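# Structural description and commentary
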Amino acid sequence: TQLLEQSPQFLSIQEGENLTVYCNSSSVFSSLQWYRQEPGEGPVLLVTVVTGGEVKKLKRLTFQFGDARKDSSLHITAAQTGDTGLYLCARRDTGGFKTIFGAGTRLFVKA
Amino acid sequence: EAGVVQSPRYKIIEKKQPVAFWCNPISGHNTLYWYRQNLGQGPELLIRYENEEAVDDSQLPKDRFSAERLKGVDSTLKIQPAELGDSAVYLCASSDTAPPRNTIYFGEGSWLTVV
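Residues numbered from 1 in each chain as written. Chains lettered and ligands numbered in written order. Predicted model: local features only at pLDDT ≥ 70, side-chain atom pairs only at ≥ 80, totals over all residues. Heavy atoms only, no water.

## Quick notes on the overall build of chain B
So the rule is basically this: Counting from the N terminus, the helices are the DSSP runs of H or I reaching at least four residues and the strands are the DSSP runs of E reaching at least two. The globule rule is 2.2 Å times the number of residues to the power 0.38, and the radius of gyration it is compared with is taken over C-alpha atoms. For each residue, the accessible area found with a 1.4 Å probe, counting protein chains only, is set against the maximum for its type, and the residue is called buried under 20%, exposed over 50%, and partly exposed in between. Any two residues whose heavy atoms approach within 4.5 Å at even a single point are treated as in contact. Surface accessibility follows the Shrake-Rupley procedure with a 1.4 Å probe radius. Residue values consider only the protein chains on display as shielding. The charge count includes Lys and Arg as positive and Asp and Glu as negative, but it does not include His or the ends of the chains. By convention, the point assigned to a charge is CZ for Arg, NZ for Lys, CD for Glu and CG for Asp.
Looking only at helices and strands, chain B features 0 helices and 11 strands. When the helices and strands of chain B are placed in sequence order, the string is β-β-β-β-β-β-β-β-β-β-β. For 115 residues, the compact-globule formula gives about 13 Å, and the C-alpha radius of gyration of chain B, at 13 Å, lands near that figure. Dimensions of chain B along its principal axes, counting C-alpha atoms only, are 40 × 25 × 25 Å. When burial is assessed residue by residue, chain B has 44% of its 115 residues classed as buried. Taking as baseline every contact in chain B between residues at least 6 positions apart, the subset at least 24 positions apart corresponds to 53%. Accessible area of chain B: about 5,800 Å², with a carbon and sulfur share of 50%. One finds the centroid of the 12 positive side-chain charges in chain B at a distance of 5 Å from the centroid of its 15 negative side-chain charges.

Here it is as structure tokens:
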């Protein structure tokens, strides 16, 4: 059972365009993580956000944690073909031991 | 530093046959996870080990799945007998420090197709 809803499920854009993907839940997160999974690889952690309203930047990627800690967004500026992959958000359970993933947004950036 | 190593990368078997996957975590990582990722979905936890102890196996289908982590290092995940619905990517991961700040490092996965 996926407790996190990610949207859109699939996104195909041209190189140079901007995009935003979303992660939502009806529950409050203690922390939220974003991973990127390239084809044929395992997921790789991009960022962890823990404070409501927190904004983190990783080069052209901007991650925002909602004020109520129920949602998060990932914005990519000037997408490149190397950004192609599956973007997964994940939350930790109360004890922090179990990481629960959303179904992901599959991004394809065309040259 | 070597990452999480898994083998085999790809496996195609007929239904009802057994299959086993092997994982070598990052050196020094006490926590080891096995996840299953179905097509178009995110990974779902099957089992978590702290050293050699399975501390969370609530999602492991115990009628056909088994796992072990002898000596608290390498781990194997076995399916016997395999069913068509077991076709998925089986991801092994490991982490070092305690939550909530621990980072989970994934292997490349073992891709299973059951025909």
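Moving on, there is more to tell.
## Section: the interface of chain B and chain A
Stated formally: Counted as salt bridges are all cases of a side-chain nitrogen of Lys or Arg within 4 Å of a carboxyl oxygen of Asp or Glu. Distance and chemistry together define a polar contact, namely a pair of N or O atoms within 3.5 Å, with one atom able to donate a hydrogen and the other to accept it when in protein, and with adjacent residues in sequence counting only for side-chain atoms on both sides.
Contact residues are listed per partner, giving 25 residues for chain B and 22 residues for chain A. At the surface where chain B touches chain A, the tally comes to 0 salt bridges. At the junction of chain B with chain A, the criterion picks out 3 residue pairs in polar contact (both at pLDDT 80 or more). Secondary-structure elements contributing two or more residues to the side of chain B that touches chain A are strand S4 (31-37) and strand S5 (44-50) of chain B. Residue contributions to the side of chain B that touches chain A peak at 4 residues, all from S5 of chain B.

## Observations concerning the state of the cysteines
What counts, and what does not: Throughout, disulfides are identified as pairs of cysteine sulfur atoms within 2.5 Å of each other.
Scanning the model with the defined rule gives 2 disulfides over all chains in all. With its sulfur 2.0 Å from that of its partner, Cys23 of chain A forms a disulfide with Cys89 of chain A. Between Cys23 of chain A and Cys89 of chain A, the disulfide has an S-S torsion of 70° and is therefore right-handed. Pair noted here: Cys23 of chain A is in strand S3 (residues 19-24) and Cys89 of chain A is in strand S9 (residues 85-92), with a separation of 66 residues, a long-range link. No difference in accessibility class separates Cys23 of chain A from Cys89 of chain A, as the two residues are buried. Here Cys23 of chain B engages in a disulfide with Cys92 of chain B; their sulfurs sit 1.9 Å apart.

## So, the packing of aromatic side chains
Put simply, the test is: Pairing of aromatic side chains here covers Phe, Tyr and the six-membered ring of Trp, requires ring centres within 6.5 Å, and sorts the geometry by plane angle: under 30 degrees stacked, over 60 edge-to-face, intermediate tilted.
Under the definition given, this model contains 10 aromatic pairs over all chains. For the ring pair Phe101 of chain A and Phe106 of chain B, a centre distance of 6.0 Å and an interplane angle of 70° mean the geometry is edge-to-face. Here Phe101 of chain A is found in strand S10 (residues 99-101), whereas its partner Phe106 of chain B is found in strand S10 (residues 105-106) on a different chain. Pairing Tyr33 of chain B with Tyr35 of chain B gives two aromatic rings, centres 6.0 Å apart and planes at 35°, and the pair type is tilted. For the pair Tyr33 of chain B and Tyr35 of chain B, a shared accessibility class is recorded, and that class is buried. In textbook terms, an aromatic cluster arises when at least three aromatic residues are bridged by ring pairs, as seen for Tyr35 and Phe101 of chain A together with Tyr33, Tyr35 and Phe106 of chain B.

## Regarding the sheet that holds strand S1 (residues 5-7) of chain B
All names here are of chain B. The cut-off we apply is this: At least two DSSP bridges between two strands are required for those strands to pair. Axes, fitted as lines to C-alpha atoms, cover a helix only where it is in contact. Angles between the N-to-C directions of the axes lie from 0 to 180 degrees.
Strand order in this open sheet of 4 strands is S1-S3-S8-S7, and the pairing throughout is antiparallel. Each having just a single partner strand, S1 and strand S7 (65-68) make up the two edges of the open sheet. Pairwise comparison of adjacent strand axes, ignoring direction, gives a mean angle of 15° for this sheet. Pairing analysis gives 4 bridges linking S7 to strand S8 (residues 75-79), with the strands arranged antiparallel. Bridge pairing in S8 places Glu68 opposite Thr76.

## What to know about the nonpolar core
Spelled out, the test is: The nonpolar core is taken to be a set of buried Ala, Val, Leu, Ile, Met, Phe, Trp, Tyr and Cys residues, with the residues joined through side-chain atoms within 4.5 Å.
Ranked by size, the top nonpolar core spans 22 residues in total, and within it Leu19, Leu32, Trp34, Leu74, Ile76 and Leu107 of chain A carry the most contacts. At the level of elements, strand S2 (10-14), S3, strand S4 (32-37), strand S5 (44-49), strand S7 (61-65), strand S8 (71-76), S9 and strand S11 (105-110) of chain A are the ones that each hand at least two residues to this core. When neighbours within four sequence positions are excluded, Leu32 of chain A is seen to be in contact with Cys23, Val47, Thr48, Val49, Phe65, Ser72, Cys89 and Ala90 of chain A. Among the nonpolar cores identified, the runner-up in size contains 21 residues, and Val4, Phe65, Cys92 and Leu112 of chain B belong to it.

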